[in-house]
Structure formats: C-alpha cells, structure tokens
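# Structure at a glance
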Amino acid sequence: MKGKKSNGKLTRPTTSTTESGLGDVLAKASLIVVEETEVLPEITPYFKVKFPTADEDRGLGTGEFDETLGVDVSKLLIGSLSGYLELAYTFIGEPPGTTLHNSFGWSVGAAYALAQPFAVFGFLEGATAIAPGQETPLDLRVGAEWKVAKAVKLTGAVMRGLTKGTADWGVSGQLTLRF
C-alpha cells in the first residue's frame, strides 16, 4: 500500500518515497474438486490467509489479517503448454481509522514444461483497488518451478507492476506440498 500513516489514517504523501522489506506471509489450503480430463479442466477452490508480517509503519502492509476465497482452473492445452485462470475475493482487514474495500482479483497465464521437473510461467494479474483513490493494481509475473518430488514444488517469480496501484517490482518464493 502506498501512503504515509498519520494519526491512524492513510494519506497521500506530498513527495514520492520508496520502501523495501519483508512483505506479508501467506498460507493457502486448496482441494481439487474436479480432476483434469481430456475435456474438463482441473478446478481447485482454495482459502488463503495473509499474516501481517510486513512493516505497517513503513507502508509495506496494513498490519491486519486478510482472508481470500478463490478458485484455480488449469488445463493442459497443447503438448507441454498449460493455461491457468484464477478468480478470488479477498476480505481486507482494516486498521482502525482507515477505509479499505474488499477486493475481487483475477489472474490469467500459461506455463510451459521445459523438461521435467522444470517449468517456466507468465501471468497477467489484476484486482480492484482496496483504498479510495488508489489506482487499480495490474502486474506481470514471470518465474520458474521445480518439482522436487511428486508432491513437492519450489517456485520463484519476479513481478513487475504495470500501474501505480502495484509495487514497481517484487520477488516471491513458494513451497507447495500437495496431498
């Protein structure tokens, strides 16, 4: 979130500043309800919680928990190319004295399996703005995935913000355990 905190309210800074540091930590649980077939995509609803580990005093987070309900849809398209769609609704935690809005988010992208166990991917991601006057977030994320074992994946990505409603740059790492 961009803005400086003043008396518990978010205000627009008079000058532009840049902050960096640890962001919020996310935990996600999902369950495949439809397995992919030749015709049907895999459909996986999920629940995600954002733990407020980012420094709210530096504008890196709200200091509040957020909860998300969403669904991931994926389908092998051609050869080693897969398509992905994600739709989600996030209940935003509001710090005292602020006005934040819940958010609808989406993501569309593709992944290509180079050679097992490695794949590369790219996604275009957007959401509705959570703060009054904030520009709608839109970003591009690219990365790679390594399947360590059948049920374990490591993922790394770089994100580039495409609007002022998104951080200019970001990096992420993810460990996935699939049961």
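The sections below set out a description of the structure shown in this document. (Residues numbered from 1 in each chain as written. Predicted model: local features only at pLDDT ≥ 70, side-chain atom pairs only at ≥ 80, totals over all residues. Heavy atoms only, no water.)

## What about the overall build of the chain?
- When you go through the chain residue by residue, the secondary structure sums to zero helices and 11 strands.
- Listed N to C, the secondary structure of the chain is β-β-β-β-β-β-β-β-β-β-β in terms of helices and strands.
- A compact globule built from 179 residues would reach a C-alpha radius of gyration of about 16 Å, and the chain, at 18 Å, matches this within 12%.
- Seen through its C-alpha atoms, the chain measures out along the principal axes to roughly 55 × 30 × 25 Å.
- The buried share of the chain, taken over its 179 residues, is 27%.
- Carbon and sulfur atoms form 62% of the exposed surface of the chain, whose accessible area is close to 11500 Å².
- Charged side chains of the chain number 17 positive and 20 negative; the gap between the two group centres comes to 3 Å. (Helix = DSSP H or I, 4+ residues; strand = E, 2+ residues; numbered from the N terminus. Rg over C-alpha atoms; globule rule 2.2 N^0.38 Å. Buried < 20%, exposed > 50% of the residue type's maximum accessible area, 1.4 Å probe, protein only. Areas by Shrake-Rupley, 256 points an atom, 1.4 Å probe, with all protein chains shown as cover. Lys, Arg positive; Asp, Glu negative; His and termini not counted. Charge placed at Lys NZ, Arg CZ, Asp CG, Glu CD.)

## Re the sheet that holds strand β7 (residues 103-115)
- The strand order across the open sheet built from nine strands is β3-β4-β5-β6-β7-β8-β9-β10-β11, with neighbouring strands paired in antiparallel fashion. Sheet topology places β3 (25-30) and β11 (169-177) at the edges, where each strand pairs with a single neighbour. Ignoring strand direction, the axes of neighbouring strands in this sheet form an average angle of 25 degrees.
- Of the strand pairs in this sheet, strand β10 (residues 152-161) and β11 are connected by nine bridges, and their pairing is antiparallel. (Pairing = 2+ DSSP bridges. Axes fitted to C-alpha atoms, helices over the stretch in contact; angles between N-to-C directions.)

## A word on the packing of aromatic side chains
- Using the criterion set out here, one finds five aromatic pairs in the structure.
- Here a set of aromatic residues connected by ring pairs shows up, and it is made of Tyr84, Phe121 and Phe123.
- The lysine or arginine in question, Lys28, covers the ring of Tyr46, its NZ or CZ lying 4.1 Å from the ring centre. (Phe/Tyr/Trp six-rings, centres within 6.5 Å; stacked < 30°, edge-to-face > 60°. Lys NZ or Arg CZ within 6 Å of the ring centre and 35° of its normal.)

## Some words on the environment of Gly23
- Positionally, Gly23 belongs in the loop between β2 (9-11) and β3.
- Through-space distance from the C-alpha of Gly23 to that of Ser172 is 9.5 Å; in sequence the pair is 149 residues apart.
- Apart from the residues lying within four places of it in its own chain, the contact partners of Gly23 are Thr53 and Ala54. (Contact = heavy atoms within 4.5 Å.)

## Quick notes on the side chain of Ser82
- In this structure, Ser82 sits in strand β6 (residues 81-91).
- Ser82 sits in the buried class, given a relative accessible area of 15%.
- In this view, Ser82 contacts Lys75, Leu76, Leu77, Gly109, Ala110 and Ala111; residues no more than four positions away in its chain are not counted.

## A few points about the pattern of salt bridges
- If you walk through the whole model with that rule in mind, you get eight salt bridges.
- Salt-bridge contacts for Lys50 lead to Asp66; the nearest nitrogen and oxygen are separated by 3.3 Å. Separated by 16 residues along the polypeptide, Lys50 in strand β4 (residues 42-51) and Asp66 in strand β5 (residues 66-78) bring together distant segments of the chain. Of the two residues examined, Lys50 and Asp66, each falls in the buried class.
- Asp55 is the salt-bridge partner of Arg58, the closest N and O atoms lying 3.8 Å from each other.
- For Asp55, a relative accessible area of 30% translates into the label partly exposed. (Salt bridge = Lys/Arg side-chain N within 4 Å of Asp/Glu carboxyl O.)

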